[in-house]
Structures are given as C-alpha cells and as structure tokens.
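The residues making up each chain are set out below.
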Amino acid sequence: MGSDEEAIEMAYHLKEVDGVLVGPSAALNVVGAVKLARKLGPGKTVVTVLCDSGDRYKSKLFNEQWMQEKGFLSTLERSTEVRRRDKTLKWIS
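The shown structure was predicted, so the numbers you read here are calculated from the model rather than taken from an experiment. (Residues numbered from 1 in each chain as written. Predicted model: local features only at pLDDT ≥ 70, side-chain atom pairs only at ≥ 80, totals over all residues. Heavy atoms only, no water.)

## Focus: helix α2 (residues 24-40)
Filter applied, for reference: The secondary structure listing takes helices from DSSP runs of H or I that are at least 4 residues long and strands from runs of E that are at least 2 residues long, numbered from the N terminus. Given the number of residues in a helix, its expected span is that number minus one, multiplied by 1.5 Å. Residue burial is assigned from relative accessible area. The probe radius is 1.4 Å, only protein chains are included, and a residue is buried under 20% of its type maximum, exposed over 50%, and partly exposed in between. Contacts between residues were defined by any pair of non-hydrogen atoms, one from each residue, lying within 4.5 Å.
Between the first and last C-alpha of α2 there are 24 Å, a value that for 17 residues agrees with the 24 Å anticipated at 1.5 Å per step. Taken as a whole, α2 has its buried residues at Ala-26, Ala-27, Val-30, Val-31, Gly-32, Ala-33, Val-34 and Lys-35. Those residues of α2 hidden inside the fold are in contact with α1 (4-18). Following α2 by one or two positions, Gly-41 has its phi on the positive side, about 90 degrees.

## Digging into the packing of aromatic side chains
Formally: Put simply, two rings from Phe, Tyr or Trp (the six-membered ring, in Trp's case) pair if the centres are within 6.5 Å, and we call them stacked under 30 degrees between planes, edge-to-face over 60, tilted for the rest.
The full count for this structure, using the stated rule, is one aromatic pair. Ring plane angle 55 degrees and centroid distance 5.1 Å describe the contact between Tyr-12 and Phe-62, whose orientation is recorded as tilted. With a gap of 50 residues between them, Tyr-12 in helix α1 and Phe-62 in the loop between α2 and α3 (64-69) connect regions that are remote in the sequence. Residues Tyr-12 and Phe-62 agree in their burial class; the two are buried.

Written out as structure tokens, the structure reads:
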C-alpha cells in the first residue's frame, strides 16, 4: 500500500510534526491508514498499530550519511520541504 519513500516521509513527518518517533514499519502502517481513510471518506474511523519505535533506527533511517549511501537523501530533502509547506499529508498518493 505504500513505498519506501512514503514510509521515510511519514517517519519524518511523525517525528517533526507530531513528535512521535517511529520506525519504518510503523510509518508504513500510518501511510496505509491515511490511504484507507481517504478511500473510505469522512465519518469513518481507521485504526493502526505503531509496531516499532524509531529509537532502533537512529543509525539508519534518522542518519543522514546512511540515508545518502542508500540513495534516500533526495527523498529526505524533498519531504522536509513538503512537511514545511503542507501538514495535511497531501503528498501521500
């Protein structure tokens, strides 16, 4: 239901906007929940599980050098700009 890039963007969104530090699995769950909520429409309730903490990912997902080595730095830079402009999650397709 979501891509690696969407999971990365969501992990950073949750950390920077909501103050919740999650790992990529939990971030991907939130991406899926947002997509499902949009599909179901207003008035529906969607619940997901935040199954991993971001604490274990400080040396990877939340490490700029590792992100650059894995080719995700452009995703990180793009998502930072998107988060600053749009906090309504319009960037999730």
